[in-house]
Amino acid sequence: MDRIFVARLAGLAVFDPAGDQIGRIRDVVVSLRGPLPPRVHGFVVEVQPRRRVFLPITRITSIESGAVIFTGKLNVRRFERRNAETLAIGEMLDLGVQYKGEPVTVLDLAMEQTRPSDWQIVKVAIRKGTRRRGETFVVDWDEVTGFGITQRDQGAANLLAAFESLRPADLANMLHELPGKRMAEVAAALDDDRLADVLEELPERDQVVVLSQLRKERAADVLEEMGPDDAADLLQELPSDQAETLLRLMVPEEAAPVRRLLTYPEDTAGGMMTSEPVVLPPNATVAEALAHIRQRELTPAVAAEVYVTRPPTETPTGRFLGVAHFQRLLREPPSTLLGAMIDITLDPIRPEFSLREVASYLATYNLVAIPVVDELGRLLGAVTVDDVLDHMLPEDWRERHD
């Protein structure tokens, strides 16, 4: 086994002796020892369902291209970092350190096997200067100083590069395991739309921590990128004056649906619904409907149904006419008008329906989404099955992986 750069281990599949994949590497656990090379204790491995466990380096038999193989049994107890331990990817990449008296940035760390079952961080990949014009070097560990110093502003570019392909839920899980300061730094380095997706998957207290660390203008921009229902849920966790400040900073057209959702109790259909389902007029065609539900940003549940209404098609819409299920859309000629194929047997629900009533309705009719209308028959939004599950599970379900 040769020199291995830790950032390249992120996401690597882990296999047991029988050849079955049991998870993926999310980080490398090391202990800092001053000028001595850090000793590698093992890997943080994510197994389903989104549980992070510790795999000791002593159990590793092979680290090859695309796979890590271990021997023995895996302890499935949730990983808890000890005080003397550091996460090499999550906490050490992007650190500002010193090399020959000059400031440099840590790009990566290289581990080598010094003797059987003993691995150490022996090399550091560094950059001198800016990202665009800097020079990069690979130097010995003892040539670099400053790893043990707490830094006010640590970047996150190299960490995010290591986890670029992670789904929002998995990236949120990774952030949740980081110390609060580092979590806020990494979150702030994400693009607005990526951060919005990740925020929707974080536990509520982490959402508040991250949002509170952002400039108010940036926080408002991120809220605009979130689904109105998720933005409303997050704002409900903030002090009322802070929430109102952010709402005022949002674009009025983006803030309006969020304000409407905030008027409903959280555990009702109105409080759970999204105000941005797929809505089209009856003279739209099947081809147009399919084009709308193919949009990448739509969740499968939202894309499962097209709601047909009289103009306007922005919620609250004109009179609600019915639902066009996506399976029916696939069976009809592209030129068919939606008004000729809507399901009028599905009765919409009212915003005051309780969580239990909404869940019962979805289960009774085997639905993944249900339209919500007001007393005038206007479509207000739709409640999807994932929203219902989110409200039915324990409040701390995103943090419980045992």
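No experiment lies behind these values; they were computed from the predicted model shown. (Residues numbered from 1 in each chain as written. Predicted model: local features only at pLDDT ≥ 70, side-chain atom pairs only at ≥ 80, totals over all residues. Heavy atoms only, no water.)

### Things to note about unusual backbone geometry
The omega torsion of the bond from Pro311 to Pro312 falls at 0°, within 30 degrees of zero and hence cis. Secondary-structure assignment places Pro312 in the loop between β15 (305-309) and β16 (320-325). Of note, the bond from Thr315 into Pro316 is cis; its omega dihedral lies within 30 degrees of zero at -5°. Topologically, Pro316 is positioned in the loop between β15 and β16. Even without being a glycine, Lys100 presents a positive backbone phi close to 55°. By secondary structure assignment, the location of Lys100 is in the loop between β9 (96-99) and β10 (102-115). A positive phi is found at Asn366, a non-glycine position, where the angle reads about 55°. Topologically, Asn366 is positioned in the loop between α15 (355-364) and β17 (369-373). Assessed through its relative accessible area of 71%, Asn366 is described here as exposed. (Helix = DSSP H or I, 4+ residues; strand = E, 2+ residues; numbered from the N terminus. Buried < 20%, exposed > 50% of the residue type's maximum accessible area, 1.4 Å probe, protein only.)

### Some details on the packing of helix α7 (residues 216-225) against helix α9 (residues 240-249)
The N-to-C vectors of α7 and α9 enclose an angle of 75°; their axes lie 8 Å apart at closest approach. One element, α7, and the other, α9, form an angle in the roughly perpendicular class. Contacts from Lys216, Glu217, Ala219, Ala220, Leu223 and Glu224 of α7 reach α9 at Thr245, Leu246 and Leu249. (Axes fitted to C-alpha atoms, helices over the stretch in contact; angles between N-to-C directions. Parallel < 35°, antiparallel > 145°, perpendicular 65-115°, else oblique. Contact = heavy atoms within 4.5 Å.)

### Let's talk about the layout of surface pockets
Here the largest pocket is characterised by a volume of approximately 1800 Å³. In this structure, the largest pocket is lined by 49 residues; those nearest its centre are Glu200, Gly227, Glu297, Leu298 and Thr299. Looking at which element gives the most residues to the lining of the largest pocket, the answer is helix α10 (residues 252-262), with 6 residues. Looking at side-chain class alone, the lining of the largest pocket contains 20 nonpolar, 9 polar and 20 charged residues. (1 Å grid on protein atoms, 1.4 Å probe; cavity = no way out; pocket = protein on both sides within 12 Å on 5 of 7 lines; lining within 4 Å. Points joined across faces, edges and corners; volume = space filled by probe spheres on them. Nonpolar A, V, L, I, M, F, W, Y, C, P; charged D, E, K, R; others polar.)

### Let's talk about the packing of aromatic side chains
Applying the stated rule across the entire model yields 4 aromatic pairs. Centre to centre, the rings of Tyr361 and Tyr365 are 5.0 Å apart; their planes meet at 45°, and the pair counts as tilted. With relative accessibility at 16%, the residue Tyr361 sits in the buried group. (Phe/Tyr/Trp six-rings, centres within 6.5 Å; stacked < 30°, edge-to-face > 60°.)

### Quick word on the side chain of Thr317
Among the structural elements, Thr317 can be located in the loop between β15 and β16. Among the polar contacts listed, one links the side chain of Thr317 to the backbone nitrogen of Leu379, at a separation of 3.1 Å. Those residues within four positions of Thr317 in sequence are excluded, and the remaining contacts are Val279, Thr309, Arg310, Pro312, Arg378 and Leu379. (Polar contact = N/O pair within 3.5 Å; in protein donor to acceptor, adjacent residues only side chain to side chain.)

### Considering the pairing of β9
Here β9 shows a clear split, with Val97 and Tyr99 buried on one side and none of Gly96 and Gln98 buried on the other. As defined by bridge partners, β9 adjoins β10 across 4 bridges and the pair is classed as antiparallel. Bridged to Tyr99 within β10 is Glu102. As consecutive antiparallel partners, β9 and β10 are separated by 2 residues, and within that stretch Lys100 has a phi angle of approximately 55°, a positive value. (Pairing = 2+ DSSP bridges.)

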